[in-house]
Each structure stands twice: as structure tokens, then as C-alpha cells.
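Residue-level listing of the chains:
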Amino acid sequence: MRLIAALSLPLFLTGCSEFADHGPVSAKIQAQMEAMVVTKAQFLRQMEGCRVIPDKSVSLPFQMSNGVPVLKASINGNKPILMMYDTGASRSLIQVNTVVANKVLVLPAAEATVEMQGVVGKEQGRIGLLNSLSLGEWTLSGYPCLVRTFENKLAHSHGGHSFPDSLLGFDLALDHCSFLTLDYPSNKIIFGFSHPFEAPTGRRVSSAPFKVLQGVPHVTISSGGKTWQSIVDTGSFNGVEISEEVASLLGVQNKGKKIHGLHLMAIGGTVTSGQVNMRVVKLRDLSMLGDVYRDAEVDIAPGPPRVGSFFLKDYRVTFDFRRKRLWLEW
């Protein structure tokens, strides 16, 4: 059986790096992963583990790495690793080397594979199961995830290249929480459970409804009387991005200053900003998230429209699941 995962996975900013390849992991690592395979019956039994929801909110620190939030999580009781928190990914994902290092169970390929759709292409992956996933005081048991068996490789990286191999998807909060807050100014993420989010009051607040499409949050954005849906994507280092389709809708498809010098690394491939014709344009007005921005610069980029962490980083951002509203505080 082949499943399809909607992953608007991030474009990774690599700085001054030398372009390199994208492809499957080594045969050795693949073989080590196959040693983690269990039968479908065993896999399903492990998923039946007891899931305890905390009585109170869980707060964790995060750091900004290459423009996106990264926090520590522990898989199967092992030493914590860095994982990006990516609201633009519908499911959590781990790299195959993380599977091997943490002895993560994997479903046989004959039972199910997954087609992962990223911003520059597609990849075939597998389905894994974390016996436990610990985020501070919150531990989930029998938590399914995607397993990535491809990798983006850089030949050289001047000044260093560090980026987590794995990420936590939007499903983590959507399936278990009453609200999720990413407090960028304080570098803190809050998972709320049994109690509802208390709507903030004051002049430095805006909000807008959001809806979940293909497992990720979308908001409505408009400019010049034209509207479109955009993913709220903490896993994107960029600000506001529009697709070529939206650029055509707005009449700016043949406009904009080209962006050079970036490597974009994501599910499906590694490309340069020049290869995908990334460019920046200025819109006279941009209505989004309860506010209006004048002479707003947006990027025309591959993949679906997104609102990324470069925009969100000035705010305390809350996904209020009970009201289905996105709140910004500053």
C-alpha cells in the first residue's frame, strides 16, 4: 500500500555552501534500517500503548537554527536530539540514521510506503513507530512517524552547516492539544492540553481564522482584491512566499528582482534559488492575520504559498484549536 503525505517541508538556507547531490542513503544504512522491520501485527500492537495527556501545559525552550525553531526531543528514552518544529509538515519525520541510532521500529515496505511531497519534488519513504517520544514532561507512546530514506548532501559548507535531520510535524499538536504557542521573542514553545487558550486582550494583538488542509494550517491572504490560501509554516526560514500561480493571479508573474546565492534543500531535491527563478516583488497592500501591511515584500518561490518564521519571529504565535483561530501578540 502506498500512502501520500502532504509535506510542505522547509527550504533550508545553507549560506555560502558548495552545491551537491540529493539521493538515497547508503546501502549500508538501508540494510541497518531493514533490521528494524517488524511485522504489521507487531507494529499495530505497539501503537496500542497507553497515551497519557499531561494535566497542565508543557513549556520547552527552543533555539533558532538557520531561521527556524529547533528543540530537544528524546526518542525511545535515548539521549535528546535536536528536532525542528515544522507546522508546514503534516506528520513528524525522522531520517533513517535516526531510526538506526534509536532502534525505531519500521513497517515492512510490502505493507506500506509513503510518497512525500516537498516544495521541490517527491520522495518515497517508509513508516516508523516511536515506542516513546518525550518532549520535556510530555511523553507519547506508540507514535507513528514518517521515515526519510533520501538525503540532501553538501560538498562543502563554509562557516559550518548544522541542521537537524528530523522534524516534529503539525499532527503532534493538532491531535493532542487544545492550543500550541510558539513564543519567538522568548524562544519558548508551549503545548496546552486540558484547558482552553485564554484569548489575549490589548492593543498589540491580532488574530485570524485558520483551517487545516492536508494536515497543515492555512490562512487566507489577500492583496489588490485577490485572495489565496497560505500555509503557516514555521519550518520555512523565509517570510511571506507566494507561488507562481498566485504571482499570475496578482499580475506580477513577470516581475521581481531575482534572488541569487541560496541553496534550497528539501524533500525532493537540492536546487539553487537561481535554478527555480526565485525573486522578490513588492505588493502595494497585503492583508493577513488580522492586519494590513503596506508596500510588503514577498518572495515568489517553488511550492505552495507560505508564511514562514522570518515573518513570525517578531510575535508570540498561538494556534487556538478550539476556536480555530491564529493569534499574534507582540
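**Considerations on the environment of Pro200**
No. 1: When you line up the elements, Pro200 lands in the loop between strand 18 (188–192) and strand 19 (205–209).
No. 2: A relative accessible area of 16% places Pro200 in the buried class.
No. 3: The spacing of Pro200 and Leu328 is 128 residues in sequence and 9.2 Å in space, taken between C-alpha atoms.

**As for the side chain of Asp320**
No. 1: Its place among the elements puts Asp320 in strand 30 (residues 316–320).
No. 2: Accessibility expressed as a relative area gives 1% for Asp320, which makes it buried.
No. 3: In terms of polar contacts, Asp320 uses its side chain to reach the side chain of Trp327, at 3.4 Å.
No. 4: Setting aside chain neighbours within four positions, we find Asp320 in contact with Ser178, Phe179, Phe197, Phe210, Arg325 and Trp327.

**Brief notes about the packing of aromatic side chains**
No. 1: Under the counting rule described, the total for this entry stands at 13 aromatic pairs.
No. 2: Judged by centre distance (5.6 Å) and plane angle (80°), the ring pair of Tyr293 and Phe311 falls under edge-to-face. Within this pair, whereas Tyr293 is found in strand 28 (residues 291–300), its partner Phe311 is found in helix 6 (residues 309–312), the two being separated by 18 residues in sequence. The same class applies to Tyr293 as to Phe311, namely buried.
No. 3: Taken together, the ring pairs in this structure connect Tyr85, Trp138, Phe191 and Phe193 into an aromatic cluster.
No. 4: A cation over an aromatic ring shows up here: Lys313 above the ring of Phe310, its NZ or CZ 4.8 Å from the ring centre.

**Focus on the confidence of the model for the chain**
No. 1: Confidence in the prediction of the chain, expressed as mean pLDDT, is 89, and 90% of residues score 70 or more.
No. 2: Note on residues 10–17: pLDDT is under 50 here. Beyond four places in sequence and across chains, it has 35 contacts.
No. 3: Note that residues 157–162 has pLDDT below 50 and, in this model, nine contacts with residues that lie over four places away or in other chains.

**Some remarks on the sheet that holds strand 5 (residues 58–61)**
No. 1: Taken in spatial order, the six strands of this open sheet run 5-18-17-30-31-19, and their pairing is antiparallel. Every other strand in the sheet has two partners, leaving strand 5 and strand 19 as the edge strands with one partner each. Neighbour-to-neighbour, the strand axes of the sheet open up by a mean angle of 15°, direction not taken into account.
No. 2: Two strands pair when backbone bridges link them, and strand 19 and strand 31 (residues 325–329) are joined in this way by five bridges, in the antiparallel orientation. When the sheet's bridge partners are listed, Val205 is paired in strand 31 with Glu329.

**Notes on the pairing of strand 28**
No. 1: Note that strand 23 (residues 240–242) and strand 28 share two bridges and pair parallel. If you follow Glu241 over to strand 28, its bridge partner there is Asp299.
No. 2: Sheet topology places strand 27 (residues 279–288) next to strand 28; nine bridges connect them, and they run antiparallel. From the neighbouring strand, Arg279 faces strand 28, where its bridge partner is Ile300.
No. 3: Remark: two residues form the turn of the hairpin made by strand 27 and strand 28, two consecutive strands paired antiparallel; Leu289 in that turn has positive phi of roughly 50°.

**Some thoughts on the nonpolar core**
No. 1: In this structure, Tyr85, Leu172, Phe191, Leu286, Phe311 and Phe319 are the most contacted members of the largest nonpolar core, which totals 65 residues.
No. 2: If you look at the next biggest cluster of nonpolar residues, it comprises 17 residues, including Met84, Leu93, Met116 and Leu264.

**Looking at the environment of Val147**
No. 1: Mapped onto the elements of the fold, Val147 is located in strand 13 (residues 138–148).
No. 2: A relative accessible area of 0% means that Val147 is categorised as buried.
No. 3: Excluding residues within four positions of it along the chain, Val147 makes contact with Met33, Ile94, Val96, Val99, Met116, Gly125, Arg126, Ile127 and Gly128.

Parameters at a glance
- Residue indices begin from 1 for each chain and proceed along its sequence in written order.
- Since the coordinates come from a predicted model, pLDDT governs what is reported: local features require at least 70, and pairs of side-chain atoms require 80 or more to be given and counted, while whole-chain, interface and lining totals use all residues.
- Only heavy atoms go into the side-chain values, all of them from the structure, while hydrogens and water stay out.
- A helix here means a DSSP run of H or I that spans at least four residues, while a strand means a run of E at least two residues long, and both kinds are numbered starting from the N terminus.
- Relative accessibility decides the category of a residue: with a 1.4 Å probe and only protein chains considered, values under 20% of the type maximum give buried, values over 50% give exposed, and everything between is partly exposed.
- Polar contact criterion, stated in full: a pair of N or O atoms within 3.5 Å, where within protein one must be able to donate a hydrogen and the other to accept it, and residues adjacent in sequence count only if both atoms are side-chain atoms.
- Note on contacts: a residue pair qualifies if any of its non-hydrogen atoms lie within 4.5 Å across the two residues.
- Think of it this way: a Phe, Tyr or Trp ring, Trp meaning its six-membered ring, pairs with another when their centres are within 6.5 Å, and the plane angle makes it stacked under 30 degrees, edge-to-face over 60, tilted otherwise.
- In this scheme, the term charge over a ring applies when either NZ of a lysine or CZ of an arginine sits within 6 Å of the ring centre and within 35 degrees of the ring normal.
- Confidence per residue, as judged by the predictor, is encoded in pLDDT with a range of 0 to 100.
- The criterion for strand pairing is that DSSP finds at least two bridges linking the strands in question.
- Axis geometry follows a simple rule: fit a line to the C-alpha atoms, using only the stretch in contact for helices, then measure angles between N-to-C directions, giving values from 0 to 180 degrees.
- Within this scheme, the nonpolar core is defined by two criteria: the residues are buried Ala, Val, Leu, Ile, Met, Phe, Trp, Tyr or Cys, and they are joined through side-chain atoms within 4.5 Å.

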